[in-house]
Amino acid sequence: MNYLPAELLEKCQQFITIDAHTEGEPLRIIISGYPEIKGETILEMRQYVTRHLDRYRTLLMHEPRGHADMYGALITRPVTPGADFGVLFLHNEGYSSMCGHGILALVKVACEMGAISLGVESKLIKIDAPAGLITAKAIRDSQGKIHVSFLNVSSWAESLACTVMVDGFGSVNYDIGFGGAYYAYVDADAHGISCGQENVAQLIDMGRRIKQAVMAAHPLVHPIEEDLSFLYGTIFTSKKVTDKQAHSRHVCIFADGEVDRSPTGTGVAGRIALLYAKGEVELNQELMIESIVDGRMIVSATVENEYFGKRAVIPQVSGRSYITGRHQFIIDPDDQFQNGFMLR
């Protein structure tokens, strides 16, 4: 049943989304409303939406239809032989190169809604993302519950034991890891920074300051893709955990001060690469990483590989995702806020 009057729908642009979350981090999956997205590769598609369709990102991610910490996924046609579909990831500032919580939620939602047929056998789903081809696995257990994991792109330790001066704070030690995106990893405990929910304001402030300082002092060059050569965020790590089985806690501050409610799929991938490079984990050793809201992801380094001169690993990541609702958004042509705004 459509609860909106026909005369209103006739004059308004419409978008249909399925909303979900992975370990507390939202994902708005856009299933209709976008114009045709041009491009022969996913990176070309990302460039096209950035240049020509960015108002759709802001109206669906920003207020009054979204919020400063909203995250989105736009389904595209596949571009790699054997891929099932492609995806572009959206947030408050722009478009990310890869999103682990998004992959987990996309596959879970697709299985729940029947877009991916899932029987008693596990199924592999191949997804074109800007960072590369992602292989996810879905399986239905004996109770009928669906579990999803994915093998990430090659991930590596870019730089270890670096130091930068941060305005208003002082010297900060950090590592840089790549797990589909580049992050600066900072030991929060060593710098006296709490990773608890009550300290979210300082985490956002410090995360922004550290990101800007590292960007200025430490230019990044991806081995093959110029579009991936940027620092996506700051990840604070802490040994002060809620779950005794957890290895550590992550708080990721990315884009324009967004706080990831999950441990960050690409972030745990980069972290396992860093730990492997330091000799602190072995291949196939599973770690539980928890988040600022006590969500958790399981990550392991499955194999070591060489990626254009980088000593890399292929991380496997899993987490829990759930559908939270279905939205029918309308854009009234007289709405003064149809492009969205962000108040923070």
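It should be emphasised that the depicted structure is a prediction, and the values quoted were computed from it without experimental measurement.

The rules we used
- Residues numbered from 1 in each chain as written.
- Predicted model: local features only at pLDDT ≥ 70, side-chain atom pairs only at ≥ 80, totals over all residues.
- Heavy atoms only, no water.
- Helix = DSSP H or I, 4+ residues; strand = E, 2+ residues; numbered from the N terminus.
- Buried < 20%, exposed > 50% of the residue type's maximum accessible area, 1.4 Å probe, protein only.
- Contact = heavy atoms within 4.5 Å.
- Salt bridge = Lys/Arg side-chain N within 4 Å of Asp/Glu carboxyl O.
- Core = buried A, V, L, I, M, F, W, Y, C linked by side-chain atoms within 4.5 Å.
- Domains from an automatic or database assignment.
- Phe/Tyr/Trp six-rings, centres within 6.5 Å; stacked < 30°, edge-to-face > 60°.
- Buried area = accessible area lost by both parts, 1.4 Å probe.
- Nonpolar A, V, L, I, M, F, W, Y, C, P; charged D, E, K, R; others polar.

Caption draft 1: Summary view of the environment of V148. On the secondary structure map, V148 appears in strand β8 (residues 146-151). When its relative accessible area of 7% is taken as the criterion, V148 is described as buried. Dropping the residues within four chain positions of it, V148 is found in contact with L104, V107, K108, K137, A138, S318 and G319.

Caption draft 2: Focus on the pattern of salt bridges. Tallying each qualifying case throughout the model produces 16 salt bridges. A salt bridge links D256 to R208, with the shortest nitrogen-to-oxygen separation between them at 3.0 Å. You can see D256 sitting in the loop between β13 (248-254) and β14 (258-259) and its partner R208 sitting in helix α5 (residues 200-217), a full 48 residues away along the chain. Residue D256 is classed as partly exposed on the basis of its relative accessible area, which comes to 29%. Salt-bridge contacts for R249 lead to D294; the nearest nitrogen and oxygen are separated by 2.4 Å. Of the two residues, R249 sits in strand β13 while D294 sits in the loop between β15 (287-290) and β16 (296-307), which places them 45 residues apart along the sequence. By relative accessible area, which is 5% here, R249 ends up buried. One connected set of salt bridges, linked through shared partners, spans E23, R296 and R320.

Caption draft 3: Highlighting helix α2 (residues 42-52). For α2, the set of buried residues is I42, L43, M45, R46, Y48 and V49. Tucked inside the fold, the buried residues of α2 contact α3 (54-61), β3 (72-76), β4 (85-90), β5 (95-96) and β6 (123-129).

Caption draft 4: Quick look at the nonpolar core. Ranked by size, the top nonpolar core spans 83 residues in total, and within it F89, I103, I127 and F236 carry the most contacts. Ranked by the residues each element gives to this core, the list is headed by helix α4 (residues 100-112), at eight residues. Taken together, domain 1 (6-151 + 323-331) and domain 2 (155-318) each give at least three residues to this core, which thus spans both. Among all residues touching F236, those that are not within four sequence positions of it are V186, A188, I193, C195, L203, M206, G207, I210, R249, H250, V251 and I253. Grouped together as the second largest cluster of nonpolar side chains are 20 residues, I37, M45, L59 and F329 included.

Caption draft 5: How the structure looks around the packing of aromatic side chains. Within the structure shown, the criterion is met by 15 aromatic pairs. On the numbers, 5.0 Å between centres and 80 degrees between planes, the contact of Y307 with F308 is edge-to-face. Overall, the relative accessible area of 17% leaves Y307 in the buried class. Within the aromatic cluster, the residues linked to one another by ring pairs are Y71, F89, Y183, Y185, F230, Y232 and F254.

Caption draft 6: Just the domain arrangement of the protein, in detail. Along its sequence, the protein is carved into domain 1 (6-151 + 323-331) and domain 2 (155-318). Computed from C-alpha coordinates alone, the two centres of domain 1 and domain 2 are separated by 24 Å. Taken together, the 27 residues of domain 1 in the interface contact 31 residues of domain 2. The largest per-residue losses of area from domain 1 upon contact with domain 2 belong to E23, D69 and L151, which jointly make up 26% of the total buried on that side. Ionic pairing is found between E23 and R296, a salt bridge with its closest N-O pair at 4.0 Å. Listing elements by their share of the side of domain 1 that touches domain 2, those giving two or more residues are α2, α4 and β8. Take the side of domain 1 that touches domain 2: its biggest share by element is four residues, from β8. Residue classes in the side of domain 1 that touches domain 2 are distributed as twelve nonpolar, ten polar and five charged.

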